[in-house]
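Report on the structure
Residues per chain, in single letters:
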Amino acid sequence: MNIAIIGTGYVGLVTGACFADFGVNVICVDKDDSKIEKLKRAEIPIYEPGLKELVEKNMREGRLSFTTDIEDAIRRSLVIMIAVGTPPRGDGSTDLRYVEEVARTIAKNLNGYKVIVTKSTVPVGTGSLIEKIIREECPHDHRFDVASNPEFLREGSAVEDFMRPDRVVIGARSEEAKAILKDLYAPLYLIETPFVITDIETAELIKYASNAFLALKISFINEIANLCEKVGADVHVVAKAMGLDRRIGPKFLHPGPGFGGSCLPKDTMGLRDIAKRKGYNFRLMDAVVKINHEQRLRMKEKIKQMVGTLKGKTIAVLGLTFKPNTDDIRESPAIDIIRLLLEEGASIKCYDPAGMPNARAILGDSVEYCKDSYHTAEGADCLVIATEWNQFRNLDMEHIKELLKEPIVVDLRNVYDPQKMKRAGFKYTSVGRC
Ligand code: UGA
């Protein structure tokens, strides 16, 4: 089977490489020439563990190719997956211009039955919109089906998530389209992955509901953490005990500076917008978004309380990405907190194992970029751990203490043990633990 994946961003590239590894012939398409040229040399534009090896292997074995020729890729494929960007507009709605553009190109190049699948997270109703565009703009009378097959990949473990998903969701109207997509995922039947086969609208909503629920869990535990600080309780013990209840589950109950990344912030706002357009006020999402925003401000206040005043102080920030094992700084709490600290007159020294080039592109010369954790701590008034990269979990704290002007550590990811840190002579604080 030949499939075309339109868009070689995060979702498209991982999906393409993984399907190729399942034995399918995959043509990955992007309109960005230089990106495609790099991909042809197996140069991966994002940091994602295991992806480069997978791309190299499948290119070598002839199942994965890259092109800018979208028309040819469409004509040669039975399944066309749309994985282009769906950026948020300022008001929380989703900009579908790239999806619509691809739908029009597909319409003009239909040369037989095809299944057109949305992989990008798209508002409920987008599948129907694509159907309408293709029906109206296709000059011939070819049959086609539209399907929704949302991805549930996490940055940093996307390949693993693709190969061992908790579930595969397929939304389509025709049995033919469902059968073709099930066939595409056939290797996952062997490991007994649950399949949810449903209609397009339900599949589209499943994606938003899933991400919004994860965001809800994070905002919930962050509120519990804030309360723990007030009543003298330990949020980790609370979360552990909560998580032992199988109805709640242990995951996504880690407190911190709030969720970031390209998905959770966008999808919480997106769900709220979808509801609003249908005249439904999704109050819970309002709260989730607000709590997440305020958590960043709280973290800035936490740092401020530890150093007294921020004006004229040097704050060392370890971690810039929205989470470890990625170079993605989109909606990163670390970046927002740095901006808040800068606004109050602090100077920033920072370091991240993978996110520095991206951070430099938006923070420019407003901060000092350091070569490692120790260089970052040198001469600073306070050390902030903003992202829980493994490199920051086992720092030589005796050395850090010598390097810092003041032995102050604000651990926004609760990586260190508060008692040990205090015994080691640090003025230490974290989130939701006394
Ligand atoms: C998220 C979902 O987890 C994926 O299932 C989904 O496919 C993806 O969005 C998407 O829609 O494409 P991702 O954005 O890669 O994946 O990151 P997560 O691992 O979900 O982390 C998001 C944020 O939540 C990070 O800033 C992380 O630090 C924070 N987080 C996560 C917490 O603060 N506490 C937790 O317990 C877990």
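Structural data are supplied above this passage.
Below is a short write-up of the structure.

Procedures and definitions
Residues numbered from 1 in each chain as written. Predicted model: local features only at pLDDT ≥ 70, side-chain atom pairs only at ≥ 80, totals over all residues. Heavy atoms only, no water. Core = buried A, V, L, I, M, F, W, Y, C linked by side-chain atoms within 4.5 Å. Buried < 20%, exposed > 50% of the residue type's maximum accessible area, 1.4 Å probe, protein only. Helix = DSSP H or I, 4+ residues; strand = E, 2+ residues; numbered from the N terminus. Contact = heavy atoms within 4.5 Å. Pairing = 2+ DSSP bridges. Phe/Tyr/Trp six-rings, centres within 6.5 Å; stacked < 30°, edge-to-face > 60°. Near = heavy atom within 4 Å. Polar contact = N/O pair within 3.5 Å; in protein donor to acceptor, adjacent residues only side chain to side chain. Areas by Shrake-Rupley, 256 points an atom, 1.4 Å probe, with all protein chains shown as cover. Domains from an automatic or database assignment.

**Concerning the nonpolar core**
In this structure, Ile303, Ile315 and Leu383 are the most contacted members of the largest nonpolar core, which totals 57 residues. Counting residues per element, this core draws most heavily on helix α14 (residues 333–343), at five residues. The residues contacting Leu383, other than those within four sequence positions of it, are Ala316, Leu318, Ala377, Leu395, Ile400, Leu404, Ile408, Val409 and Val410. One finds Cys18, Val26, Val115 and Phe162 within the second-largest nonpolar core, a separate group that totals 44 residues.

**So, the sheet that holds strand β12 (residues 382–385)**
A sheet is described by the order of its strands in space; here six strands give the open sequence β11-β10-β9-β12-β13-β14, paired in parallel fashion. This sheet does not close on itself; its edge strands, each paired only once, are β11 (368–369) and β14 (427–429). Bridge count for strand β9 (residues 314–318) against strand β10 (residues 347–351) is five bridges, and the pairing is parallel. Bridge assignment links Ile315 to a residue of β10, and that residue is Ile348.

**As for the pairing of strand β7 (residues 168–172)**
Of all five residues in β7, five are buried; the element is thus mostly enclosed. Alternating positions in β7 separate into two faces, Val168, Ile170 and Ala172 on one and Val169 and Gly171 on the other, with burial throughout. When strand β6 (residues 144–148) meets β7, the two strands line up antiparallel, connected through two bridges. Note that in β7 the partner of Ala147 across the bridge is Ala172.

**Side note on the packing of aromatic side chains**
Remark: the centre distance and the inter-plane angle together describe each pair of aromatic rings, the angle taken between the planes. Following the criterion strictly, the structure yields 10 aromatic pairs and no others. Ring centres of Phe19 and Phe22 lie 6.0 Å apart, and the angle between their planes is 80°; this geometry places the pair in the edge-to-face category. Neither residue differs from the other here; Phe19 and Phe22 are each classed as buried. Judged by centre distance (5.1 Å) and plane angle (85°), the ring pair of Phe19 and Phe162 falls under edge-to-face.

**Regarding the site of the ligand**
As a matter of local geometry, the ligand sits amid 20 residues, with Glu151, Leu153, Glu155, Lys207 and Asn211 nearest to it. Within the backbone of Glu155, an N or O atom sits 2.7 Å from an oxygen atom of the ligand. Between the ligand and Asn211 there is a distance of 2.7 Å, counted from an oxygen atom to a side-chain nitrogen or oxygen. Protein burial of the ligand: of its 710 Å² of free accessible surface, 92% is covered by the chains. The element best represented in the shell around the ligand is helix α10 (residues 200–231), accounting for four residues. No fewer than three residues from each of domain 1 (2–198) and domain 2 (213–429) sit in the shell around the ligand.

Interpretation note: all reported values are geometric properties and have no functional meaning in isolation.
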